[in-house]
Amino acid sequence: VLHVSVRDMHYPVTLDVLHTIFSKYGFVMKIITFVKADVFQALVQFGDPTHADMARISLDQQHIYTGNCLLQIQTSKLANLVVKINDEKSRDYTNPNLPGGGMALMYGHQGPPM
């Protein structure tokens, strides 16, 4: 599990943005985002710890956008994340049937287009 802090955040960083960035290094199982001490942070769990190490080595101290949203990444002491709901702050990619998941995530909370 990686602990990610985003500094100099002048543009929004969403769970989907993080998933896109980190999934280039392997299967991302779970992501939980939160704000602590006014810093946007995330926990990212990979299916394979070596993929997490590759992502950490490649992405630490890199910007998401040019000159903005600096990633500071370290290995977390957590071995497994527990996601209770799939929403804009947390997602378990191995369990799309969690509350708030499935169709609600695909179409927002209004349901599918008519």
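Heads up: the structure comes first, above all this text.
Because the structure is predicted, anything quoted here is derived from the model rather than measured.

Draft legend 1. Expanded view of the overall build of the protein chain. Along its length, the protein chain carries three helices and six strands. Reading the helices (α) and strands (β) of the protein chain from amino to carboxyl end gives β-α-β-β-α-β-β-β-α. Considering the protein chain as a whole, with its 114 residues, one finds that 39% of them fall into the buried category. Contacts in the protein chain between residues far apart in sequence, at least 24 positions, make up 59% of those at least 6 positions apart. Surface accessibility of the protein chain: about 6,900 Å² in total, with carbon and sulfur atoms responsible for 56%.

Draft legend 2. Representation of the environment of arginine 56 in the model. Structurally, arginine 56 can be placed in helix H2 (residues 49-59). Residues arginine 56 and isoleucine 73, spaced 17 residues apart in sequence, show a C-alpha to C-alpha distance of 5.9 Å. Polar side-chain contacts of arginine 56 include one of 3.4 Å to the side chain of threonine 75.

Draft legend 3. Structural context of the nonpolar core. Leu2, Val4, Phe22, Val44 and Phe46 are the most contacted members of the largest nonpolar core, which has 21 residues in total. For this core, the secondary-structure elements that each account for two or more residues are strand E1 (2-7), helix H1 (15-22), strand E2 (28-36), strand E3 (39-46), H2 and strand E5 (68-75). Apart from residues lying up to four places away in sequence, valine 44 is in contact with Val1, Leu2, Val4, Phe22, Val28, Lys30, Ile31 and Leu81.

Draft legend 4. Spotlight on H1. Inspection of H1 places Leu15, Leu18, Ile21 and Phe22 among the buried residues, and these make up the whole buried set. Down the axis of H1, the buried set is contained in an arc of 125 degrees. They therefore lie on one face.

Draft legend 5. Highlighting the side chain of glutamine 45. Tracing the chain through its elements places glutamine 45 in strand E3. For glutamine 45, a relative accessible area of 7% corresponds to the buried category. With near-sequence residues (within four places) excluded, glutamine 45 lies in contact with Val1, Phe27, Val28, Met29, Lys30, Ala79, Asn80 and Leu81.

Draft legend 6. Geometry of the environment of arginine 91. Secondary-structure assignment places arginine 91 in strand E6 (residues 90-92). In this structure arginine 91 comes out as buried when scored by relative accessible area, which is 13%. Sequence spacing of arginine 91 and isoleucine 32 is 59 residues, and the spatial spacing of their C-alpha atoms is 6.5 Å. A polar atom in the side chain of arginine 91 sits 3.1 Å from the side chain of aspartate 16.

Draft legend 7. Fine view of H2. All buried positions along H2 are accounted for by Ala52, Ala55 and Leu59. Each buried residue of H2 lies within a common arc of 65 degrees when the element is viewed along its axis, so the set occupies one face. Within H2, the exposed residues directed more than 90 degrees away from the buried face are Pro49 and Ile57. Buried residues along H2 sit in contact with E1, H1, E3 and E5. Just beyond H2, the residue with positive phi is glutamine 61, at close to 70 degrees.

Definitions and cut-offs
Residues numbered from 1 in each chain as written. Predicted model: local features only at pLDDT ≥ 70, side-chain atom pairs only at ≥ 80, totals over all residues. Heavy atoms only, no water. Helix = DSSP H or I, 4+ residues; strand = E, 2+ residues; numbered from the N terminus. Buried < 20%, exposed > 50% of the residue type's maximum accessible area, 1.4 Å probe, protein only. Contact = heavy atoms within 4.5 Å. Areas by Shrake-Rupley, 256 points an atom, 1.4 Å probe, with all protein chains shown as cover. Polar contact = N/O pair within 3.5 Å; in protein donor to acceptor, adjacent residues only side chain to side chain. Core = buried A, V, L, I, M, F, W, Y, C linked by side-chain atoms within 4.5 Å. Arc of directions from axis to C-beta.

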